[in-house]
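Here is how the chains run, residue by residue.
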Amino acid sequence: MKQIDKKRETVLITGASTGIGYELSKIFAQNGYDLIIVARDLRKLMEVEKELREKYGTQVIIINKDLSYPNSAYELYEEVLNLNMNIDILVNNAGAGASGLFHEIDYDIDNKIIQLNMTSLTNLTKLFSKMMIKNKRGKILNVASTGAYQPGPYTAVYYATKAYVLSFSEAIYNELKDYGITVTTICPGATKSEFSKRAGKAQIKGSMEAKKVALAAFLALKKNKRLVIPGIQNKIAIIVSKLLPGNITAKAIRKIQDKLINKTDQH
Ligand SMILES: NC(=O)c1ccc[n+]([C@@H]2O[C@H](COP(=O)([O-])OP(=O)(O)OC[C@H]3O[C@@H](n4cnc5c(N)ncnc54)[C@H](OP(=O)(O)O)[C@@H]3O)[C@@H](O)[C@H]2O)c1
């Protein structure tokens with residue numbers, strides 16, 4: 001097996017095969033980091049590995065893992081330990097959603113979303129923050145959403161998982177700073193990626209480029225920021241959401257989500 005150059009820092013990125021995670025992988029590679037990339041699609045991960053190795057000379061290790069299963073976070077952690085590697089930066093980016101009326105969405109789909117977006121993210125954060133505390137250095141980037149600030153009819157479970165990610169990450173930012181570990185949360189709004197299609201809805205007009213979102217996340221992480229909301233529109237949306245009562249925000253989100261779901265029905 002290839003020996004990783006210990007002078008270079010290593011970043012573990014979940015959901016690195018497409019979208020924001022893929023763009024983050026490229027930015028970290030361009031900036032001289034080595035990578036462990038995680039997702040389910042092995043073929044795509046192999047393409048990312050080849051691209052980053054050939055373009056930037058990055059050492060990339062692939063871990064093919066479905067994080068929507070109980071224990072998957074621990075299995076991933078054990079694989080990293082077996083590689084005898086230290087993680088300097090953990091990026092909890094992998095996430096998924098589903099669209100439609102809550103009572104009509106399959107029970108199993110909800111559970112997988114909760115497991116992926118919340119449980120695996122929490123477990124990975126615990127396991128790797130312990131490693132970071134031992135090493136007296138480390139950074140964590142957690143990907144939430146502007147949905148963290150709003151109730152989300154027609155995507156209720158997804159929005160609720162992101163509210164959890166935001167609350168959890170801000171709490172441990174406060175705890176881990178005592179150990180020199182930073183926790184940065186990014187709350188993107190609609191972003192061009194595979195996400196909407198996979199969640200069963202159309203891509204909203206004016207969505208941000210995944211590359212821009214990834215760059216905002218990278219810069220915030222480097223500056224040890226607690227929170228980053230990329231894009232002026234998203235910042236305004238969050239300010240408005242905080243001012244309005246939840247039932248009004250829920251009505252507005254329901255209208256938007258309904259349109260997006262119906263758009264896919266027509267295609
Ligand atoms: N796009 C948006 O509008 C938007 C807005 C706010 C926040 N976000 C958040 O941004 C993050 C990245 O999403 P994206 O927009 O880049 O979407 P994306 O293109 O669908 O990427 C999601 C990534 O997560 C991986 N993934 C999905 N399910 C997984 C599982 N069960 N186990 C392991 N990996 C899994 C996917 O790879 P595989 O399919 O190969 O496993 C892929 O690499 C997510 O947390 C999402 O909630 C997105």
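Here's a quick rundown of the structure. (Residues numbered from 1 in each chain as written. Predicted model: local features only at pLDDT ≥ 70, side-chain atom pairs only at ≥ 80, totals over all residues. Heavy atoms only, no water.)

**What about the overall build of the protein chain?**
Turning to step 1, where the next piece is worked out: Along its length, the protein chain carries 9 helices and 9 strands.
Turning to step 2, where the next piece is worked out: Its C-alpha atoms give the protein chain principal-axis dimensions of roughly 55 × 40 × 35 Å.
Turning to step 3, where the next piece is worked out: Split into buried and exposed, the 267 residues of the protein chain put 51% on the buried side.
Turning to step 4, where the next piece is worked out: Long-range contacts, defined as pairs at least 24 residues apart, comprise 72% of the intrachain contacts of the protein chain with a sequence gap of at least 6. (Helix = DSSP H or I, 4+ residues; strand = E, 2+ residues; numbered from the N terminus. Buried < 20%, exposed > 50% of the residue type's maximum accessible area, 1.4 Å probe, protein only. Contact = heavy atoms within 4.5 Å.)

**Quick word on the nonpolar core**
Turning to step 1, where the next piece is worked out: Core analysis: the biggest nonpolar cluster contains 35 residues, and Leu12, Ile36, Leu76, Val80, Ile87, Leu90 and Phe128 have the highest contact counts within it.
Turning to step 2, where the next piece is worked out: With 7 residues, helix H4 (residues 107-135) is the largest single contributor of residues to this core.
Turning to step 3, where the next piece is worked out: In this structure Leu90 touches Leu12, Leu124, Thr125, Phe128, Met132, Lys139, Ile140 and Leu141, once residues within four positions along its chain are discounted.
Turning to step 4, where the next piece is worked out: Of all hydrophobic cores here, the second largest spans 31 residues; its members include Val11, Val143, Val213 and Ala214. (Core = buried A, V, L, I, M, F, W, Y, C linked by side-chain atoms within 4.5 Å.)

**Regarding helix H5 (residues 156-176)**
Count 3.6 residues to each turn of an α-helix, and residues three or four apart come out pointing the same way.
Turning to step 1, where the next piece is worked out: Between the first and last C-alpha of H5 there are 30 Å, a value that for 21 residues agrees with the 30 Å anticipated at 1.5 Å per step.
Turning to step 2, where the next piece is worked out: The complete set of buried residues in H5 reads Val157, Tyr158, Tyr159, Thr161, Lys162, Val165, Leu166, Phe168, Ser169, Ile172 and Leu176. (Expected span 1.5 Å × (residues − 1).)

**Digging into the packing of aromatic side chains**
The description of an aromatic ring pair uses the distance of the two centres, along with the angle that the planes make with each other.
Turning to step 1, where the next piece is worked out: Taken as a whole and assessed by the stated rule, the structure comprises 8 aromatic pairs.
Turning to step 2, where the next piece is worked out: Ring-pair connections join several aromatic residues into one group, and the members of that group are Phe28, Tyr33 and Phe218. (Phe/Tyr/Trp six-rings, centres within 6.5 Å; stacked < 30°, edge-to-face > 60°.)

**Digging into the pattern of salt bridges**
Side-chain pairs of opposite charge can arise where the charged atoms are in close proximity.
Turning to step 1, where the next piece is worked out: One pass over the structure, following the stated rule, counts 14 salt bridges.
Turning to step 2, where the next piece is worked out: Across the pair Lys44 and Asp41 runs a salt bridge, and its minimum N-O distance is 3.9 Å.
Turning to step 3, where the next piece is worked out: According to the relative accessible area criterion, Lys44 is partly exposed, its value standing at 22%.
Turning to step 4, where the next piece is worked out: Residue classification places Asp41 among the partly exposed residues on the basis of a relative accessible area of 27%.
Turning to step 5, where the next piece is worked out: Arg226 is the salt-bridge partner of Glu170, the closest N and O atoms lying 2.1 Å from each other. With a gap of 56 residues between them, Glu170 in helix H5 and Arg226 in the loop between helix H7 (210-222) and strand S9 (227-228) connect regions that are remote in the sequence.
Turning to step 6, where the next piece is worked out: Taking the relative accessible area as the measure of exposure, Glu170 reaches 27% and is therefore partly exposed. (Salt bridge = Lys/Arg side-chain N within 4 Å of Asp/Glu carboxyl O.)

**A look at the site of the ligand**
Turning to step 1, where the next piece is worked out: Taken together, 30 residues lie near the ligand, and Ser17, Arg40, Asn93, Tyr158 and Ser193 sit nearest.
Turning to step 2, where the next piece is worked out: A distance of 2.8 Å is found between an oxygen atom of the ligand and a side-chain nitrogen or oxygen belonging to Ser17.
Turning to step 3, where the next piece is worked out: Here Arg198 contributes a side-chain N or O atom positioned 3.0 Å from an oxygen atom of the ligand.
Turning to step 4, where the next piece is worked out: Of all the secondary-structure elements, those providing two or more residues to the shell around the ligand are helix H1 (19-30), H5 and helix H6 (195-198). (Near = heavy atom within 4 Å. Polar contact = N/O pair within 3.5 Å; in protein donor to acceptor, adjacent residues only side chain to side chain.)

**As for empty space enclosed by the protein**
Turning to step 1, where the next piece is worked out: The full count for this structure, using the stated rule, is 2 cavities of 30 Å³ or more.
Turning to step 2, where the next piece is worked out: Of the voids in this model, the largest cavity is the one considered here, and its volume is about 60 Å³.
Turning to step 3, where the next piece is worked out: Taken together, the elements giving at least two residues each to the lining of the largest cavity come down to H4 and H5.
Turning to step 4, where the next piece is worked out: The biggest single contributor to the lining of the largest cavity is H5, with 3 residues.
Turning to step 5, where the next piece is worked out: Tallied by class, residues from the lining of the largest cavity come to 8 nonpolar, 2 polar and 1 charged.
Turning to step 6, where the next piece is worked out: In this structure, the second largest cavity spans a volume of roughly 40 Å³.
Turning to step 7, where the next piece is worked out: Thr14, Leu67, Asn92, Asn93, Ala94, Leu116, Ser120, Leu121 and Leu124 are the residues that line the second largest cavity. (1 Å grid on protein atoms, 1.4 Å probe; cavity = no way out; pocket = protein on both sides within 12 Å on 5 of 7 lines; lining within 4 Å. Points joined across faces, edges and corners; volume = space filled by probe spheres on them. Nonpolar A, V, L, I, M, F, W, Y, C, P; charged D, E, K, R; others polar.)

**Quick look at a positive patch on the surface**
Turning to step 1, where the next piece is worked out: Together, Lys205, Lys251, Lys255, Lys259 and Lys263 line one region of the surface with positive charge.
Turning to step 2, where the next piece is worked out: With respect to the helices and strands, the residue Lys255 is situated in helix H9 (residues 246-266).
Turning to step 3, where the next piece is worked out: By relative accessible area, Lys255 is classed as exposed at 66%. (Patch = residues over 30% accessible without salt bridge, like charges linked within 9 Å, V, L, I, M, F, W, Y side chains within 5 Å. Areas by Shrake-Rupley, 256 points an atom, 1.4 Å probe, with all protein chains shown as cover. Lys, Arg positive; Asp, Glu negative; His and termini not counted. Charge placed at Lys NZ, Arg CZ, Asp CG, Glu CD.)

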